[in-house]
Every structure is written in C-alpha cells, then in structure tokens.
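Listed below, chain by chain, are the residues.
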Amino acid sequence: MIIFTPNTVIKSTEINSNFDEITSAWTTWTPTWTNLTVGNGTGVYRYKQIGKMVWWFLKFTAGSTSSASSNPRFTLPVTPHSSFADDDIYVGHGLLLDALTQNYDIRCMWNASTDVEINTLGVGGSYSNSGSFTGPFTFGTSDRINLMGFYEAA
C-alpha cells in the first residue's frame, strides 16, 4: 500500500518500520557515576531512541555500601547534540526519595562536560547549584533516585 501526502509518498514498509521502532523494547545502559558510589545499590537504567530523540529513565536504590557526596553526576546513554554544549541545559526531572520520611523534587542539568548534574530542591523552593544530597537529608540505605528525561542526540 502507498499513501500519498503533499510532496511525499509513504510506503507501508516505511510505516511498519517506524511502528516497530516506536513499539520495540527500551534498551538498557549503565551510566558512569561521579560523586556517587553504587556499592551494593541497585539500578534500572533504560532508554529509547527514535530518530534523534532520546528518552531515558533512571532508578537507583542505595544499598548499605552506597554513598553520595555533593554534585553527583551521571553519563547519558547517547551523545547529546552539540547544542547541549552550553552549561545548565535542562534534560530531566524526578524525585529524590528519603526511604523513611519524604520525597524531594530534583532536576537534571547538562553541565557542559560529558554528564548530567543532579540538583535538589531545597528548603524555600530553590534548587541547589551543587546538587548536594546532604541538603535535604543524608543519602543512605534504601533511599532512591528516580529520574526521567529526554534530549536530542548528536
């Protein structure tokens, strides 16, 4: 079957190929962490690329030997477009979950090197520039980082 649109002909094989790309399973990746020790923590890291768009999901649960210091960062699964060379480009958001008491809003900012910095929403509603996990609470066993985002690939 052939579908005609203004100035374009789309073949059913192209439609099927695009549909398969959209509905196929997400791919796993392993981020490289800076200022976060995985230890015996567990993570689920998945992404989906369709054309130049990359959607990503990250869930990390701290174990008894996991730790985080200020400015925790991680690498993305696919190299971002060169427009992300500027500092402080927003590429995701999520929650920092204190296993015992509360959840804190976090955002992910491209930091103009090779990775993404996690910024926490602190008291008074402002984000920390350092991404420190020591601000809202001490990050430890059973605490969790849940993030998702999207960006344009190179």
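Since the structure is predicted, the reported quantities are computational estimates derived from the model, not experimental observations.

Trainee: I would appreciate a short explanation of the environment of Thr141 in the present structure.
Mentor: Along the chain, Thr141 turns up in the loop between β10 (116-120) and β11 (144-152). Between the C-alpha atom of Thr141 and that of Gly63, which follows or precedes it by 78 residues, the distance is 4.7 Å. Excluding its chain neighbours within four sequence positions, the residues that come into contact with Thr141 are Ala62, Gly63, Ser64 and Ala99.

Trainee: What is the right way to look at the sheet that holds strand β4 (residues 33-37) in this model?
Mentor: The strands making up a sheet associate through backbone hydrogen bonding, with each pair oriented either parallel or antiparallel. A sheet is described by the order of its strands in space; here nine strands give the open sequence β3-β5-β6-β11-β8-β9-β10-β7-β4, paired in antiparallel fashion. The sheet terminates laterally at β3 (27-28) and β4, the two strands that pair on one side only.

Trainee: Mind showing me how you'd approach the pairing of strand β9 (residues 103-110) here?
Mentor: Where strand β8 (residues 89-97) and β9 come together, eight bridges link them in antiparallel fashion. Bridging across to β9, Leu97 finds its partner in Asn103. One ladder, built from five bridges, connects β9 with β10; its direction is antiparallel. Looking at the pairing, Arg107 lines up with Asn119 of β10.

Rules used throughout
- Per-chain numbering applies: the sequence of each chain, read as written, is numbered from 1 onward.
- Since the coordinates come from a predicted model, pLDDT governs what is reported: local features require at least 70, and pairs of side-chain atoms require 80 or more to be given and counted, while whole-chain, interface and lining totals use all residues.
- Note that water and hydrogens are dropped before the side-chain values are worked out from all heavy atoms of the structure.
- Secondary structure follows DSSP: runs of H or I at least 4 residues long count as helices, runs of E at least 2 residues long count as strands, and numbering of each begins at the N terminus.
- Pairs of residues are marked as contacts when any of their non-hydrogen atoms sit within 4.5 Å.
- At least two bridges found by DSSP between two strands are what make those strands a pair.

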